[in-house]
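Descriptive structure summary
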Amino acid sequence: MTPWLGAAYGAAAKTAELVSLVTPRSTQNKIARAFAARHGIRRRYRNWGAKGRDRSRPLLWVHAASVGEGLMALPLVQSVRRALPNVQIAYTFFSPSAEPLAKQMGADFSDYLPFDSAGAARVAIDALDPTALVFAKGDVWPTLVREASAQGVKLALVSASIPASSLRKSTVGSMITRDAYRSLDAIGAASADDATRIVEAGARADRVRVTGDTRYDQAWERAHTELRNKEVVAALQSSRPTLVAGSTWRSDERELFPAWRALRAQVPDARLIIAPHEMVEGHVAFIEHWAAGGSLSASPLASATGTTDVVIVDRVGVLADLYKLATVAYVGGGFHDAGLHSLVEPAVFRIPVLIGPRHTDSRDAALMLTTGGAISVDDSPQLARTMIRLFTDETERLDRADAIGAVVAAELGAVDRTFGIVRELLRAM
């Protein structure tokens, strides 16, 4: 990073720290919550370092920005816990949406990652005293990497993925992150294409290997062991053909709802289970109003049964299990700029998936579209035609189920390969 860019980057981090001091803790705005949560963060790190850190034991620090990256990190953390019980584990995240997952991680210490200033990085490193620091997917922070490397901490990036349109490939983005990528001791790329882009971003080619995406292992294990929400799934069990629409935005619903009416005209017994991305009261009420206008029975999750026409998933943590009930899945985000939700969750149940047209940055979508396990639609009429075909043509539906199942089968094993990287780093000290 050039001196002038480094100075600007450092000033931005310090400004963010100052904003966190004056942001009300009671705020409901997601961005504001990210600032407010960092009030007193240095003190929290120091307190755990003084009381919880056993410096006779190695410590693995895993950082995953949000929920998607956290699901990549979860099976790795679990593997380390099982195979290396003497290792302490710290888990950090950036987004408020990752707070619930952090509580499930089973780490010795978990908290937000401080903003990327030199002072905050030094406090965190001194408190945690990590043997190795592992980033999930791509959330690599230049100042933290520089300070950790200077103190001899081993550094890795796992399930590493850089979309073709990533800002890291821009001139300024590359200038900010290139040194950080070059400092990494080991990188496990999600795919060969990702490995190429990571090297282009600055990583040393001899430190990059293709290990895969650990989310597939995590989702597979969750789907094929005892479901966490088995009572909820059992209460909704039905022979009715079912579309599970996951993490939908209003932009998805503008296309989905007219298509759903067209499907119901052809398949009158079809049922919709819908999990809106934003489970706020106004959004749930909007779905209820739409259902009532079509003379459809609608209920929130707690009161829904197998006879409910529209089941509204109004709490987090259950969607992944509800895909088990799907005949076909619709994954939200493809008519929105925020990006697609997880296609892996329905895929592990061998469920054909429908998505909107905005999916170019999704590796999962590319894999599943190529094999035919997923179908992209451009608008409501096309979505209606495709849903009718999948719900009425069992042969096509089963062929697409086989195709999406083949994608999952090919991706399994990433956790073991990734754990190999971590074990090597911990042994290197």
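Preceding block: the structure.
In short, a report on the structure. Since the structure is predicted, the reported quantities are computational estimates derived from the model, not experimental observations. (Residues numbered from 1 in each chain as written. Predicted model: local features only at pLDDT ≥ 70, side-chain atom pairs only at ≥ 80, totals over all residues. Heavy atoms only, no water.)

Description of the nonpolar core
Note on soluble globular proteins: their nonpolar side chains tend to be buried together. Grouped together as the largest cluster of nonpolar side chains are 67 residues, with contacts concentrated most on Trp61, Val80, Tyr91, Leu144, Tyr181 and Ile198. With six residues, the top contributor of residues to this core is helix H4 (residues 67-83). With 37 residues, the next largest nonpolar core counts Ala275, Leu319, Met368 and Ala374 among its residues. (Core = buried A, V, L, I, M, F, W, Y, C linked by side-chain atoms within 4.5 Å. Buried < 20%, exposed > 50% of the residue type's maximum accessible area, 1.4 Å probe, protein only. Helix = DSSP H or I, 4+ residues; strand = E, 2+ residues; numbered from the N terminus.)

Topic: the packing of aromatic side chains
Under the defined criterion, the tally for this structure stands at nine aromatic pairs. Here Phe35 and Phe115 contribute two aromatic rings whose centre-to-centre distance is 5.3 Å and whose plane-to-plane angle is 40 degrees, an arrangement assigned as tilted. Here Phe35 is found in helix H2 (residues 30-36), whereas its partner Phe115 is found in the loop between strand S3 (109-112) and helix H6 (118-128), with 80 residues between them in sequence. Here Tyr45 and Phe109 contribute two aromatic rings whose centre-to-centre distance is 4.9 Å and whose plane-to-plane angle is 65 degrees, an arrangement assigned as edge-to-face. Of the two residues, Tyr45 sits in helix H3 (residues 41-51) while Phe109 sits in strand S3, which places them 64 residues apart along the sequence. A connected cluster of aromatic rings, assembled from ring pairs, spans Phe35, Phe94, Phe115 and Trp141. Between Arg38 and the ring centre of Phe94, over which it is positioned, the NZ or CZ distance is 4.4 Å. Cation over ring: Arg38 sits above Phe115, and NZ or CZ is 4.6 Å from the ring centre. (Phe/Tyr/Trp six-rings, centres within 6.5 Å; stacked < 30°, edge-to-face > 60°. Lys NZ or Arg CZ within 6 Å of the ring centre and 35° of its normal.)

Some remarks on the pattern of salt bridges
Within this structure, the stated rule accounts for 20 salt bridges. For Arg222, the salt bridge is made with Asp321, and the minimal N-O distance between the two is 3.0 Å. In this pair, Arg222 is assigned in helix H10 (residues 215-224) and Asp321 in helix H14 (residues 319-322), connecting sequence segments 99 residues apart. There is no split in this pair, since Arg222 and Asp321 are both buried. Overlapping salt bridges bring together Arg240, Arg264, Asp269 and Asp309 as one network. (Salt bridge = Lys/Arg side-chain N within 4 Å of Asp/Glu carboxyl O.)

Here's the deal with the packing of helix H17 (residues 380-392) against helix H18 (residues 394-411)
Look at H17 against H18: their axes get within 5 Å of each other, and the N-to-C directions meet at 95 degrees. With respect to their mutual orientation, H17 and H18 come out roughly perpendicular. For the pair H17 and H18, contact is made by Arg389, Leu390, Phe391 and Thr392 and by Glu394, Glu396, Arg397 and Arg400, respectively. Split into classes, the residues belonging to the contact of H17 with H18 amount to two nonpolar, one polar and five charged. (Axes fitted to C-alpha atoms, helices over the stretch in contact; angles between N-to-C directions. Parallel < 35°, antiparallel > 145°, perpendicular 65-115°, else oblique. Contact = heavy atoms within 4.5 Å. Nonpolar A, V, L, I, M, F, W, Y, C, P; charged D, E, K, R; others polar.)

Re the environment of Met279
Structurally, the position occupied by Met279 is in the loop between strand S9 (271-276) and helix H13 (281-293). Taking the C-alpha atoms as reference points, Met279 and Arg315, 36 residues apart in sequence, are found 7.1 Å from one another.

Some details on the sheet that holds strand S11 (residues 310-312)
Read from one edge to the other, the open sheet built from seven strands follows the order S10-S11-S9-S8-S12-S13-S14, with strand pairing classed as parallel. Only two strands of the sheet have a single partner each, and these edge strands are strand S10 (298-300) and strand S14 (374-376). Averaged over all adjacent pairs, the angle separating strand axes in this sheet is 20 degrees, with direction ignored. With four bridges joining them, strand S8 (residues 242-248) and strand S12 (residues 328-331) adopt parallel strand pairing. When the bridges of S12 are listed, Leu243 appears paired with Val328. (Pairing = 2+ DSSP bridges.)

Description of the packing of helix H12 (residues 250-266) against H13
Following both chains from N to C, one finds H12 and H13 inclined at 15 degrees, their axes separated by 12 Å at the closest point. Here H12 lies roughly parallel to H13, going by the angle between them. As H12 packs across H13, the resulting crossing turns out to be right-handed. Residues Arg250, Glu253, Phe257, Trp260 and Arg261 of H12 form the contact with H13, whose participating residues are Gly282, His283, Phe286, Ile287, Trp290 and Gly293. Considering only residue class, the contact of H12 with H13 consists of five nonpolar, three polar and three charged. (Left-handed = near helix turned anticlockwise from the far one by under 90°.)

Re the pairing of S12
Both faces of S12 are covered, namely the face carrying Val328 and Tyr330 and the face carrying Ala329 and Val331. Here S12 runs beside strand S13 (residues 353-355); their pairing, made up of two bridges, is parallel. Bridging across to S13, Ala329 finds its partner in Val353.

Points about the sheet that holds strand S2 (residues 88-93)
One open sheet holds the seven strands; their spatial order is S3-S2-S1-S4-S5-S6-S7, and the pairing between them is parallel. Each having just a single partner strand, S3 and strand S7 (208-210) make up the two edges of the open sheet. Across the sheet, the mean angle separating the axes of adjacent strands is 20 degrees when strand polarity is ignored. Alignment of strand S1 (residues 59-63) against S2, held across five bridges, turns out to be parallel. Note on S2: the bridge partner recorded for Leu60 is Ile89.

Focus: the side chain of Thr418
Its place among the elements puts Thr418 in helix H19 (residues 414-427). For Thr418, a relative accessible area of 1% translates into the label buried. Polar side-chain contacts of Thr418 include one of 2.8 Å to the backbone oxygen of Ala414. For Thr418, the contacting residues outside a window of four places in its chain are Leu76, Val158, Thr211 and Thr214. (Polar contact = N/O pair within 3.5 Å; in protein donor to acceptor, adjacent residues only side chain to side chain.)

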